Amino acid sequence: MVAARKLDPVVDRIWVVLAEVPDPEIPAVSLVDLGIVRAVEADRVTITPTYTGCPANEVIRTDIRAALDAAGFAAVAIETALSPPWTTDWITPEGREKLRAYGIAPPLEAGERAVVCPRCGSTETAEVSRFGSTPCKAQWRCGACMEPFDLFKCH
Ligand SMILES: [Zn+2]
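The following refers to the structure shown. Everything numeric in this text was worked out from a predicted model, so none of it was measured.

1. A word on the coordination of the zinc ion
And step 1. Around the zinc ion, the protein contributes the donor atoms Cys117 (SG), Cys120 (SG), Cys142 (SG) and Cys145 (SG), which lie 2.3 Å from the metal centre.
And step 2. Seen from the zinc ion, its four donor atoms lie at angles of 105 to 116 degrees, and the figure they make is tetrahedral.
And step 3. Along the chain, the residues donating to the zinc ion fall in the pattern C-x2-C-x21-C-x2-C.

In structure tokens form, the structure reads like this:
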């Protein structure tokens, strides 16, 4: 056993399996992209739900279980950590890019003041409805290209 070894091959393989599990509401991004997978060890995966009461949370757990089982990791446990709570800051840069490519504006980052239209990049945007097609999205419209789009909010 080499203590200094950075990547445990088993842990590495579990990450690869999890990176292929799509978010149930936005299949364009994986649970790893969203930062829902918090930690991976050889015998357990720790996840943090996006927000309490989100109906997707149960689906997420079931989907991870199925993916682990299918990849031969039936003995790996799934643990839920509620603290510290998940925030949209946990979405990876790659996840934000995938959301944008899918036509969903990623949540504002610290220092950002305006929601950017995922289609044309304009900041002339306005909220149409706080409630989009799912509880995790709000409906917005761009004043430049006039296209409606979803903003990922989840809180
Ligand atoms: Zn636009």
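2. A closer look at the pattern of salt bridges
And step 1. Inspection of every chain in the model, using the stated rule, returns nine salt bridges.
And step 2. As a salt-bridge pair, Glu97 and Arg100 come within 2.8 Å of each other at their nearest N and O atoms. Placement of the pair is Glu97 and Arg100 together in helix α3 (residues 93-101), with a separation of three residues, close to one helical turn.
And step 3. By relative accessible area, which is 46% here, Glu97 ends up partly exposed.
And step 4. One salt-bridge network, held together by shared partners, links Glu41, Asp43, Arg44 and Glu79.

Calculation rules
- Residues numbered from 1 in each chain as written.
- Predicted model: local features only at pLDDT ≥ 70, side-chain atom pairs only at ≥ 80, totals over all residues.
- Heavy atoms only, no water.
- Donors = N, O, S within 2.8 Å, 3.2 Å for Na, K, Ca; no water.
- Tetrahedral: all angles 85-135°; square planar, octahedral: opposite > 155°, others 65-115°.
- Salt bridge = Lys/Arg side-chain N within 4 Å of Asp/Glu carboxyl O.
- Helix = DSSP H or I, 4+ residues; strand = E, 2+ residues; numbered from the N terminus.
- Buried < 20%, exposed > 50% of the residue type's maximum accessible area, 1.4 Å probe, protein only.

Treat this as a map of the structure, not an account of what it does.
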